[in-house]
Amino acid sequence: MTETGRLLGSGRSADVYEIDDAWVLRRDREGWGDAAAEGAVMTYVRQHGYPAPLVRPTGSRTDLVMERLSGPTLLDALGDGRVSAEDAGALLASLLRRLHAVPGRDPADPRSRVLHLDLHPGNVMLTPDGPRVIDWSNTEDGHPGLDWGMSAVILAQVAVGDTPLAAEAHALLGSLLAGRSAVTEEGLTEARRRRAANPTMTRQESELLSLAEELIRKLAFR
């Protein structure tokens, strides 16, 4: 097991520890992830110019060692006014389009692409060298409409909720879905199904799914 330093942060299922000035360790607390597969995806998209962090192999299913990034998350920058909701939505849309421009890994399905499936402002870090997309634990190969649907549903759940970020999330979602959005009926339906089955969601978050889908349809299919 990789030796760690101080705890830098914690998410719903993983903790991030300091290793040194150049590297951090993300350790899965739940034991259901596959750090080796996640690292392989990150390396693959990096090789095609996508802004994922550099990783190094550990041989572990729970430990992922990656480059230490500096800068706020897009969520933090949005919260303190450094980035507008409109610009944040446009950045997420750009990152989705760039990811789906990476050649797919499934030769049997030419439409298949690498999907992140959890691309939201908390998983984008704004480093001095540009944005970096983190947390690839949900990634799989599939059709881009599902990736767009997942990002849209995550944002829409915040937009229709009773939180201080609701108005900003609504504006961000509108920006995400403006222009060349690739949300599809099939992708949205599957995204909602997956969110409903997500064991880390709260009861309140689950109850917002119907309203969230309704909002996305108004914005994406008008």
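For clarity, every value in this text was computed on a predicted model and none was experimentally measured. (Residues numbered from 1 in each chain as written. Predicted model: local features only at pLDDT ≥ 70, side-chain atom pairs only at ≥ 80, totals over all residues. Heavy atoms only, no water.)

Caption draft 1: Structural detail: the nonpolar core. Val45, Tyr50, Trp136, Leu173 and Leu176 are the most contacted members of the largest nonpolar core, which has 52 residues in total. Looking at which element gives the most residues to this core, the answer is helix H4 (residues 144-159), with 8 residues. With sequence-adjacent residues up to four places away left out, Leu173 is seen in contact with Ala152, Leu155, Ala156, Leu215, Ile216 and Leu219. (Core = buried A, V, L, I, M, F, W, Y, C linked by side-chain atoms within 4.5 Å. Buried < 20%, exposed > 50% of the residue type's maximum accessible area, 1.4 Å probe, protein only. Helix = DSSP H or I, 4+ residues; strand = E, 2+ residues; numbered from the N terminus. Contact = heavy atoms within 4.5 Å.)

Caption draft 2: Up close: the packing of aromatic side chains. Tallied over the entire structure, the rule returns 1 aromatic pair. Aromatic side chains Tyr50 and Trp136 sit 5.8 Å apart centroid to centroid with 90° between the ring planes, which places their arrangement in the edge-to-face category. Of this pair, Tyr50 sits in the loop between helix H1 (35-47) and strand S4 (55-56) while Trp136 sits in the loop between strand S8 (130-133) and strand S9 (140-142), and the two are 86 residues apart along the sequence. Its relative accessible area of 0% is what places Trp136 among the buried residues. Above the ring of Tyr44, the side-chain terminus of Arg105 is found at 5.8 Å from the ring centroid. (Phe/Tyr/Trp six-rings, centres within 6.5 Å; stacked < 30°, edge-to-face > 60°. Lys NZ or Arg CZ within 6 Å of the ring centre and 35° of its normal.)

Caption draft 3: Spotlight on the sheet that holds strand S5 (residues 63-67). Taken together, the 5 strands give an open sheet; going across it, the order is S1-S2-S3-S5-S4, and neighbouring strands pair in antiparallel fashion. With one partner strand each, in any of the chains shown, strand S1 (7-10) and S4 form the two edges of the open sheet. Sheet topology note: the strand S2 (residues 14-18)/strand S3 (residues 23-28) ladder contains 5 bridges and is antiparallel. Within S3, the position partnered with Asp15 by the bridge is Arg27. Relative to S5, H1 is tilted by about 25°, and along the sheet it contacts S3, S4 and S5. (Pairing = 2+ DSSP bridges. Axes fitted to C-alpha atoms, helices over the stretch in contact; angles between N-to-C directions.)

Caption draft 4: Representation of the side chain of Ser175 in the model. Positionally, Ser175 belongs in helix H5 (residues 166-177). Excluding residues that lie within four positions of it along the chain, Ser175 makes contacts with Ala85, Glu86, Gly89 and Ala90.

Caption draft 5: Layout of the packing of H4 against helix H8 (residues 209-220). Direction vectors running N to C along H4 and H8 enclose 110°, while the axes themselves pass 8 Å from each other. When the axes of H4 and H8 are compared, the pair comes out roughly perpendicular. Crossing geometry of H4 relative to H8 is assigned as right-handed. Contacts between H4 and H8 involve Ala152, Val153, Ala156, Gln157 and Ala159 on the former and, on the latter, Leu209, Ala212, Leu215 and Ile216. Class assignment for the residues of the contact of H4 with H8 results in 8 nonpolar, 1 polar and no charged. (Parallel < 35°, antiparallel > 145°, perpendicular 65-115°, else oblique. Left-handed = near helix turned anticlockwise from the far one by under 90°. Nonpolar A, V, L, I, M, F, W, Y, C, P; charged D, E, K, R; others polar.)

Caption draft 6: Inspection of a nonpolar patch on the surface at higher detail. The grouping of Leu75, Val158 and Leu165 at the surface amounts to a nonpolar patch, some 200 Å² of accessible area in total. Relative to the helices and strands, Val158 resides in helix H4. (Patch = residues over 30% accessible without salt bridge, like charges linked within 9 Å, V, L, I, M, F, W, Y side chains within 5 Å. Areas by Shrake-Rupley, 256 points an atom, 1.4 Å probe, with all protein chains shown as cover. Salt bridge = Lys/Arg side-chain N within 4 Å of Asp/Glu carboxyl O.)

Caption draft 7: Structural view of the layout of surface pockets. In this model, the second largest pocket occupies a volume close to 160 Å³. Considering the residues around the second largest pocket, the lining is formed by Arg111, His143, Gly145, Leu146, Thr184, Glu186, Gly187, Glu190 and Arg194. Those elements that provide at least two residues to the lining of the second largest pocket are H4 and helix H6 (185-197). The greatest single-element share of the lining of the second largest pocket, amounting to 4 residues, is contributed by H6. Tallied by class, the residues present in the lining of the second largest pocket amount to 1 nonpolar, 4 polar and 4 charged. (1 Å grid on protein atoms, 1.4 Å probe; cavity = no way out; pocket = protein on both sides within 12 Å on 5 of 7 lines; lining within 4 Å. Points joined across faces, edges and corners; volume = space filled by probe spheres on them.)

Caption draft 8: Layout of H1. Look at H1: 18 Å from first C-alpha to last across 13 residues, which is about the 18 Å you get at 1.5 Å a residue. Within H1, burial applies to Ala35, Glu38, Gly39, Val41, Met42, Tyr44 and Val45. In this structure, the buried side of H1 is in contact with S3, S4, S5, helix H3 (85-100) and strand S6 (113-115). Gly49 sits one or two residues past H1 and shows a positive phi near 85°. (Expected span 1.5 Å × (residues − 1).)

Caption draft 9: View of the side chain of Arg26. Among the structural elements, Arg26 can be located in strand S3. According to the relative accessible area criterion, Arg26 is buried, its value standing at 12%. Within the structure, the side chain of Arg26 is placed 2.6 Å from the side chain of Glu38, a separation counted as a polar contact. Look past the residues within four positions of Arg26 in its chain and what remains in contact with it is Ala14, Asp15, Val16, Glu38, Thr62, Asp63, Leu64, Met66 and Asp135. (Polar contact = N/O pair within 3.5 Å; in protein donor to acceptor, adjacent residues only side chain to side chain.)

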